[in-house]
Amino acid sequence: MAEGAAKIEAELKENFGEDIEENLLAECAKVCQNNNISGEDLFYKWEVVRMKDPHSHFALRHLADIKAMIHRDLVKATATKKFSSGNLSGLQSRQFGVPPGRGGGRPGLNAGAGSRGGMPGTPAKQVRAQDGFDLPRAEERKVPVAGPSRVNFVGPPTDEDARKKRSYRYMYEKVSERSEVLDDRIDYIGDLVKSYYDVEKLGDPSAVTEEEVMVVGRIVHDAESASSGVKLNEASLVLESSRMMGSGARVPLKFDAGVQARRGPRGAGGQGFFPGAIVALKGNNGGGGAFLVTEILSLPPLESSSGVQIKSETGQTQFTMCIACGPFTPDADLAYRPLQSLFTKLASTKPAVLLLVGPFIDATHPAIKAGDVEVPPREMFATHFADRLGEFLDASPGSIALLVPSPRDILSDHAVFPQNELPRALSSDPRIRLLPNPARFTVNGVHVAVSSVDVLFHLRKEECWKRASDVDPLPSTPGSADAPDAMANLCRHVLQQRSFYPIFPVPLDLAHEVNLDVTHSESIYLSPQDDKDDSEADARADPTRAPCAPDVLIMPSRLKHFSKVVDNTVAINPSWLTKSTYAVLDYAGHTSPGPAKDRIKVEIQRLET
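Quick caveat, the model's predicted, so the values are computed rather than measured.

### Points about the overall build of the protein chain
Okay, so step 1: In terms of regular secondary structure, the protein chain is built from 15 helices and 22 strands.
Okay, so step 2: By the burial criterion, 49% of the 609 residues in the protein chain qualify as buried.
Okay, so step 3: In the protein chain, of all internal contacts separated by at least 6 residues, the share reaching a separation of at least 24 is 71%.
Okay, so step 4: On the protein chain, roughly 30,000 Å² of surface is accessible, and the fraction owed to carbon and sulfur atoms is 51%.

Structure follows, in structure tokens:
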């Protein structure tokens, strides 16, 4: 006994320091002995208590808080721990192979009610189909096995090289690498513009010319407006050229009174500009220190997907996908009630695909920021997500779940954008697919693109609209949203710029929402930028290499929820589950030729409160 007390006191001194008071040391040792914990465990519990008051020093008054925490942990462990008797089951049981509820084997072992051993009034124990003795719940959990899927899912590559590429080291960017990526993007879009408008050469906006030239560059703030934090406006528009096309010069933009917008959507009545947008313009620099724009040229649109018919393992082509986006619990608590309501709904609808977009365990939640939590984040994820997803997938055979993280996820070790997938250790269920952010994948041949960053709100905040008369507008797509639709125009920016986040730099007041890694921007492009010529078969095997526009574009935002057809893409903002909204997508299957949008129906539904 004396040896144990001495050992505990030694551990306490090692963790709290040799200068701990004798009476405090004696009380701590008594707490350790009474609760059968080590001195190191007591120190860890003190660390948790100190999170609420980081500047406090360990004193006798803090022992009451530590004792209360030990008591809570003991009550919780007692409530969840289920001891079972040594009843044989599985292959060694006479009841093995008998369906639950039937009277085979020993009498009194029917599941539900009845008696055990023929004795009335004794509850019967339900036999479980596993080998050996019945075990506690934590030990009896089976490893799930993926059966025939109701959909044919193809996601980003999961080989070691692809994972390593997505798990890049951030905060190691070089200025030269950033500038090279930004330059290459202008040159790439410039080549597309030359091919689209059949032009042999692009001009230099800083060169003085009398004739009109076509130029391509990036929209930036002028220095004065950028430093003062003023929103982009017509007076502060500056065009930055690439080093190859204009030596990287920055030229202010002025617009002619009769400026026109060419090959834009019918009825648009102008063009939106924002910092980082790649634009094509026509005009001239007459020597006044500015480029006079006479025409705003729309960028070439992405081609529609080929609509290849792909069937699932069950031979079906139609499917239903439920889309819900975080945060999944309000700021008032960590009970995840909206998520519980969603799973209750899913128990009856049983969609073939469940897409959950983070944040799952939000690092910006007030309770988590204050350290007012009693369980680790990983245990919270297991309780509210992994276990509930397993129950849903067990009840809905053939379904799959897709998880896309957010830079705000506390469980992610990659708090940047683009972001790799969540750690595989969070879920070993093969029916749960962990995807990067952003992600492109296909379901039965339907191309889906999704990102958890609120790019719509960022674009809405930074956009500067310039009115212009339409010239040679593109024909309207049947079922597409009208051009003056503000939300449709924001989605069109993402599609035309071919990027999940076309803004650069990130707005200063919104920089806490997205840590943009410019050097790895190839992962946020909607279509590949390299010179590799991928075949259609390669694009089907790796949707991230698909050169076409996505059939479905999912962009959760704090803006009002919507579902719109933009060109040939169905754009969806399910909003946040804390606002009690989520989206349900129904695909009718390969019933007719033409774009997939004609066979897709989306409903924004509300949770029942």
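### Describing unusual backbone geometry
Okay, so step 1: For the bond from Phe417 to Pro418, the omega torsion is 5°, close enough to zero to count as cis.
Okay, so step 2: Mapped onto the elements, Pro418 comes out in the loop between β12 (400–404) and β13 (432–434).
Okay, so step 3: The omega torsion of the bond from Phe504 to Pro505 falls at -5°, within 30 degrees of zero and hence cis.
Okay, so step 4: Mapped onto the secondary structure, Pro505 falls in the loop between α14 (486–497) and α15 (536–541).
Okay, so step 5: A positive phi is found at Asp198, a non-glycine position, where the angle reads about 55°.
Okay, so step 6: When you line up the elements, Asp198 lands in the loop between α7 (175–197) and β4 (213–221).

### Thoughts on the packing of helix α10 (residues 337–349) against helix α12 (residues 377–395)
Okay, so step 1: Where α10 meets α12, the closest approach of the two axes is 11 Å, and the angle between their N-to-C directions is 10°. Put simply, α10 runs roughly parallel to α12. The segment α10 lies against α12, with Leu339, Gln340, Phe343 and Leu346 engaging His384, Phe385, Arg388, Leu389 and Phe392.
Okay, so step 2: In terms of residue class, the contact of α10 with α12 is made up of 6 nonpolar, 2 polar and 1 charged.

### Things to note about the pattern of salt bridges
Okay, so step 1: All told, the structure shown has 27 salt bridges when counted by the stated rule.
Okay, so step 2: One salt bridge in this structure joins Asp509 and Lys461, with 2.7 Å as the shortest N-O distance. Taken together, the residues span a long stretch of sequence, with Asp509 in the loop between α14 and α15 and Lys461 in helix α13 (residues 455–462) at a distance of 48 residues.
Okay, so step 3: Taking the relative accessible area as the measure of exposure, Asp509 reaches 45% and is therefore partly exposed.
Okay, so step 4: The structure contains a network of salt bridges with shared partners spanning Arg163, Arg166 and Glu421.

### Description of helix α3 (residues 39–50)
Okay, so step 1: The end-to-end C-alpha distance of α3 is 16 Å, a good match for the 16 Å that 12 residues give at a rise of 1.5 Å each.
Okay, so step 2: Buried residues of α3: Gly39, Leu42, Phe43, Lys45, Trp46 and Val49, and no others. Seen end-on, α3 carries its buried residues on one side only, within an arc spanning 160°.

### Considerations on the sheet that holds β13
Okay, so step 1: Strand order in the open sheet formed by 6 strands is β13-β12-β11-β10-β21-β22, with mixed pairing between adjacent strands. Only two strands of the sheet have a single neighbouring strand rather than two, namely β13 and β22 (600–606). In this sheet, neighbouring strand axes are inclined to one another by 20° on average, regardless of whether the strands run parallel or antiparallel.
Okay, so step 2: Sheet strands in contact with α12 are β11 (353–357), β12 and β13, and its direction is about 155° off that of β12.

### A word on α7
Okay, so step 1: Helix length check: α7 (23 residues) gives 33 Å between terminal C-alpha atoms against 33 Å at 1.5 Å per residue, within 8%.
Okay, so step 2: Taken as a whole, α7 has its buried residues at Val181, Leu182, Asp183, Arg185, Ile186, Asp187, Tyr188, Ile189, Gly190, Val193 and Tyr197.

### A short note on the pairing of strand β19 (residues 562–566)
Okay, so step 1: Strand direction decides the pairing type here: β19 and strand β20 (residues 569–573), joined by 5 bridges, are antiparallel. Bridge pairing in β20 places Ser563 opposite Ile572.

### Remarks on the pairing of β11
Okay, so step 1: Counted residue by residue, β11 has 5 buried out of 5 residues, so it is predominantly covered.
Okay, so step 2: The two faces of β11 match: Val353, Leu355 and Val357 on one face and Leu354 and Leu356 on the other face are all buried.
Okay, so step 3: In this structure, strand β10 (residues 319–325) lies alongside β11, joined through 5 bridges in parallel fashion. What sits directly across from Ala324, in β11, is Leu356.
Okay, so step 4: Since β10 and β11 lie parallel, the crossover through α10 that links them has a hand, and here it is right-handed.
Okay, so step 5: Relative to β12, β11 runs parallel, the two being bridged by 5 bridges. Across the sheet, residue Leu354 finds its bridge partner in β12, namely Ala401.

### Remarks on the nonpolar core
Okay, so step 1: By size, the foremost hydrophobic cluster in this structure holds 53 residues, and its most contacted members are Ile219, Leu281 and Tyr501.
Okay, so step 2: It is α14 that contributes the most residues to this core, 6 residues altogether.
Okay, so step 3: Once you skip the residues sitting within four places of it in the chain, Tyr501 turns out to touch Phe417, Val453, Val455, His458, Val506, Pro507, Val514, Leu516 and Ile524.

Each value, and the rule that gives it
Residues numbered from 1 in each chain as written. Predicted model: local features only at pLDDT ≥ 70, side-chain atom pairs only at ≥ 80, totals over all residues. Heavy atoms only, no water. Helix = DSSP H or I, 4+ residues; strand = E, 2+ residues; numbered from the N terminus. Buried < 20%, exposed > 50% of the residue type's maximum accessible area, 1.4 Å probe, protein only. Contact = heavy atoms within 4.5 Å. Areas by Shrake-Rupley, 256 points an atom, 1.4 Å probe, with all protein chains shown as cover. Axes fitted to C-alpha atoms, helices over the stretch in contact; angles between N-to-C directions. Parallel < 35°, antiparallel > 145°, perpendicular 65-115°, else oblique. Nonpolar A, V, L, I, M, F, W, Y, C, P; charged D, E, K, R; others polar. Salt bridge = Lys/Arg side-chain N within 4 Å of Asp/Glu carboxyl O. Expected span 1.5 Å × (residues − 1). Arc of directions from axis to C-beta. Pairing = 2+ DSSP bridges. Right-handed = clockwise from strand over helix to strand, strands pointing away. Core = buried A, V, L, I, M, F, W, Y, C linked by side-chain atoms within 4.5 Å.

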